Amino acid sequence: MHTAPQARPAPAFPPGTYGAPPPGPPAASLVRRLLAPAGSLAAVAGAFTYVGLIDPNRPGHYPVCPLFALTGLYCPGCGGLRSAHAVAHGDLAAAFGDNALAVVGYGVAAALWVLWTVSSVRAGTRRPLPLPRRPAVWWAVGGVVLIFTLIRNLPFGSSLAP
């Protein structure tokens, strides 16, 4: 009696791997993982250096805020350049007086940059900037910016005006 040859089962791993799963993509080198955080730091340092050298308190170096020029109202960014100039010179009291929200923003941005850099060092691949993904966080940020803008334009909030 003649039986048909039986098919051999397919190997669990592709030929040439000697029983090991195929390797994944190679881990990015540390230098490559740090390119984006280092480039971002260089850009921010360059901007703060420029604002630190070119005083925004002297007219003619920077454009006037269009909202303030048209309406006389302060936008949430009004005083931000003067605030950055004061931070570049180490005068945090003047920085808070020029734009307190900007100073808080500088601190939050610095903390996010540190988290980004640490996660890029620890990970085997480049990591994106760790921004919150929940919409409620961004609605809350928008609410804080709106309230800050409203208060700084009212008589009792004049201490928040630049």
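Note that this is a predicted model, so its numbers are computed, not measured.

Calculation rules
- Residues numbered from 1 in each chain as written.
- Predicted model: local features only at pLDDT ≥ 70, side-chain atom pairs only at ≥ 80, totals over all residues.
- Heavy atoms only, no water.
- Helix = DSSP H or I, 4+ residues; strand = E, 2+ residues; numbered from the N terminus.
- Buried < 20%, exposed > 50% of the residue type's maximum accessible area, 1.4 Å probe, protein only.
- Contact = heavy atoms within 4.5 Å.
- Areas by Shrake-Rupley, 256 points an atom, 1.4 Å probe, with all protein chains shown as cover.
- Expected span 1.5 Å × (residues − 1).
- Bend = angle between axes of the 7 residues up to and from the residue.
- Axes fitted to C-alpha atoms, helices over the stretch in contact; angles between N-to-C directions.
- Parallel < 35°, antiparallel > 145°, perpendicular 65-115°, else oblique.
- Left-handed = near helix turned anticlockwise from the far one by under 90°.
- Nonpolar A, V, L, I, M, F, W, Y, C, P; charged D, E, K, R; others polar.
- Disulfide = S-S within 2.5 Å.
- Patch = residues over 30% accessible without salt bridge, like charges linked within 9 Å, V, L, I, M, F, W, Y side chains within 5 Å.
- Salt bridge = Lys/Arg side-chain N within 4 Å of Asp/Glu carboxyl O.
- 1 Å grid on protein atoms, 1.4 Å probe; cavity = no way out; pocket = protein on both sides within 12 Å on 5 of 7 lines; lining within 4 Å.
- Points joined across faces, edges and corners; volume = space filled by probe spheres on them.
- Polar contact = N/O pair within 3.5 Å; in protein donor to acceptor, adjacent residues only side chain to side chain.

In this section: the overall build of the protein. Counting its regular elements, the protein contains six helices and zero strands. Along the protein, from the amino end to the carboxyl end, the secondary structure elements read α-α-α-α-α-α. Burial analysis of the protein (162 residues in total) assigns 19% to the buried set. For the protein, the proportion of contacts with a sequence separation of at least 24, taken over those separated by at least 6, is 54%. Just so you have it, the protein exposes about 11,600 Å², and 71% of that area is on carbon and sulfur atoms.

A separate point is helix H5 (residues 92-122). Between its terminal C-alpha atoms H5 stretches only 33 Å, short of the 45 Å expected from 31 residues at 1.5 Å a residue. At Asn-99, H5 is deflected by roughly 120°, the largest bend along its length.

Relative orientation of the contacting elements H5 and helix H6 (residues 135-152) amounts to 165°, with a least axis distance of 11 Å. Comparing the axis directions of H5 and H6 gives the class roughly antiparallel. Remark: the crossing between H5 and H6 carries left-handed chirality. Contact residues: H5 offers Asp-98, Asn-99, Ala-100 and Leu-101, while H6 offers Val-144, Val-145, Phe-148 and Arg-152.

We now examine the packing of helix H4 (residues 80-88) against H5. Look at H4 against H5: their axes get within 7 Å of each other, and the N-to-C directions meet at 105°. Considered as vectors, H4 and H5 are oriented roughly perpendicular to each other. Taking contact as the criterion, the partners of Gly-80, Arg-82, Ser-83, Ala-84, Ala-86 and Val-87 in H4 are, on H5, Leu-92, Ala-94, Ala-95, Asp-98, Asn-99, Ala-102, Val-103 and Tyr-106. Residue composition of the contact of H4 with H5, by class: nine nonpolar, three polar and two charged.

On to the state of the cysteines, then. Any covalent bond linking the sulfur atoms of two cysteines counts as a disulfide. According to the stated counting rule, one finds zero disulfides in the structure shown. Looking at Cys-65, it has no disulfide partner, and the nearest cysteine sulfur is the one in Cys-78, 3.5 Å off. Between Cys-75, a free cysteine, and Cys-78, which holds the nearest cysteine sulfur, the sulfur-to-sulfur gap is 3.6 Å. Cys-75 gets classed as buried once you look at its relative accessible area, which sits at 18%.

Here we come to a nonpolar patch on the surface. Nonpolar side chains collect at one region of the surface, where Leu-92, Phe-96, Val-104 and Val-108 lie side by side and expose about 350 Å² of accessible area between them. Inspection of the secondary structure assignment puts Val-108 in helix H5.

A volume near 540 Å³ is recorded for the largest pocket. Lining the largest pocket are 22 residues, and of these Gly-105, Val-108, Ala-109, Ala-110 and Leu-112 sit closest to its centre. Secondary-structure elements contributing two or more residues to the lining of the largest pocket are helix H2 (35-53), H5 and H6. The greatest single-element share of the lining of the largest pocket, amounting to 10 residues, is contributed by H5. By volume, the second largest pocket is sized at about 410 Å³. Pro-63, Val-64, Cys-65, Gly-79 and Arg-82 are the residues nearest the centre of the second largest pocket, which is lined by 20 residues in total.

The residue His-85 is located in helix H4 in this model. Take His-85: its relative accessible area is 12%, and that puts it in the buried class. Engagement of the side chain of His-85 in a polar contact is seen with the backbone oxygen of Val-51, the distance being 2.9 Å. Dropping the residues within four chain positions of it, His-85 is found in contact with Val-51, Gly-52, Ile-54, Asp-55, Pro-56 and Asn-57.

These figures come from the coordinates and say nothing about function on their own.
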